Amino acid sequence: MFNLLWWWQLAGLVEKKQGKQRLLILFIFSAVASNLAQYFLVGPYFGGLSGVVYALVGYCWLLGKLKSNSNIYLADSYFMFLIFWLVLGFIDLLPMNVANYAHLAGLLAGLMLAFLTNKLKH
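Residues numbered from 1 in each chain as written. Predicted model: local features only at pLDDT ≥ 70, side-chain atom pairs only at ≥ 80, totals over all residues. Heavy atoms only, no water.

Attention shifts here to helix H3 (residues 50–66). End to end, H3 covers 24 Å across 17 residues, agreeing with the expected 24 Å (1.5 Å per residue, within 8%). Along H3, 14 of the 17 residues are buried, which leaves the element largely enclosed by surrounding structure. (Helix = DSSP H or I, 4+ residues; strand = E, 2+ residues; numbered from the N terminus. Expected span 1.5 Å × (residues − 1). Buried < 20%, exposed > 50% of the residue type's maximum accessible area, 1.4 Å probe, protein only.)

This is the structure in structure tokens:
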């Protein structure tokens, strides 16, 4: 439910402000990147939307930072909360298995796409 809530909020924002094509590119790129990272670094036993959600988080947060007039943004407090959650997963304090590398690769994919989007618009 947590991932679906973030998807609804952030994907809806990207779709509304930048269109379905941009959202589809973000979705496919981050899904492939996050799933390949998790598969090759850990193994095949995982699944979910969290890598794509972390990509959306990174994309919305960095785009808001790079373009002060952007109508796509994510508050620093939300971004830091999710970074804290990512760190908790890597230090193995959570009482469940977490696809840490999918989260990290998704975040990096979203940050990269935000950077490229910003550069291509200039």
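Turning our eyes to something else, we now look at the packing of H3 against helix H5 (residues 100–120). Close contact between H3 and H5 brings their axes to 7 Å; oriented N to C, the two are set at 35 degrees. As H3 packs across H5, the resulting crossing turns out to be right-handed. Residues Ser50, Gly51, Tyr54, Ala55, Gly58, Tyr59, Trp61, Leu62, Leu63 and Leu66 of H3 lie in contact with H5, whose contacting residues are Ala102, His103, Gly106, Leu107, Gly110, Leu111, Leu113, Ala114, Phe115, Thr117 and Asn118. Counted by class, the contact of H3 with H5 contains 13 nonpolar, eight polar and no charged residues. (Axes fitted to C-alpha atoms, helices over the stretch in contact; angles between N-to-C directions. Left-handed = near helix turned anticlockwise from the far one by under 90°. Contact = heavy atoms within 4.5 Å. Nonpolar A, V, L, I, M, F, W, Y, C, P; charged D, E, K, R; others polar.)

This part takes up the nonpolar core. Ranked by size, the top nonpolar core spans 25 residues in total, and within it Tyr59 and Leu74 carry the most contacts. The set of elements that each furnish at least two residues to this core consists of helix H1 (2–18), helix H2 (20–41), H3, helix H4 (76–90) and H5. For this core, the leading source of residues is H3, giving ten residues. Other than its neighbours up to four places away in sequence, Leu74 contacts Trp6, Leu10, Val57, Cys60, Trp61 and Phe79. (Core = buried A, V, L, I, M, F, W, Y, C linked by side-chain atoms within 4.5 Å.)

On the surface, a nonpolar cluster with roughly 700 Å² of combined accessible area is contributed by Leu24, Phe27, Ile28, Val32, Leu36, Tyr39 and Phe40. On the basis of relative accessibility, which here comes to 33%, the residue Phe27 falls in the partly exposed class. (Patch = residues over 30% accessible without salt bridge, like charges linked within 9 Å, V, L, I, M, F, W, Y side chains within 5 Å. Areas by Shrake-Rupley, 256 points an atom, 1.4 Å probe, with all protein chains shown as cover. Salt bridge = Lys/Arg side-chain N within 4 Å of Asp/Glu carboxyl O.)

Structurally, the position occupied by Gly12 is in helix H1. In this structure, the C-alpha to C-alpha distance between Gly12 and Ala31, residues 19 residues apart in sequence, is 17 Å.

Further remarks concern H4. Given 3.6 residues per helical turn, the α-helix brings residues three or four places apart onto the same face. Helix length check: H4 (15 residues) gives 21 Å between terminal C-alpha atoms against 21 Å at 1.5 Å per residue, within 8%. The elements touched by buried residues of H4 are H1, H3 and H5. Looking one or two residues past H4, Asp92 carries a phi angle of roughly 60 degrees, positive in sign.

Counted according to the given criterion, the structure contains six aromatic pairs. When the centroid spacing of 6.3 Å and the interplanar angle of 75 degrees are considered together, the rings of Phe2 and Trp6 count as edge-to-face. Here Trp6 and Phe2 lie together in helix H1, a separation of four residues that amounts to about one turn. Note on Trp61 and Phe79: the rings are 3.9 Å apart at their centroids and 5 degrees apart in plane angle, and the pair reads as stacked. Of the two residues, Trp61 sits in helix H3 while Phe79 sits in helix H4, which places them 18 residues apart along the sequence. (Phe/Tyr/Trp six-rings, centres within 6.5 Å; stacked < 30°, edge-to-face > 60°.)

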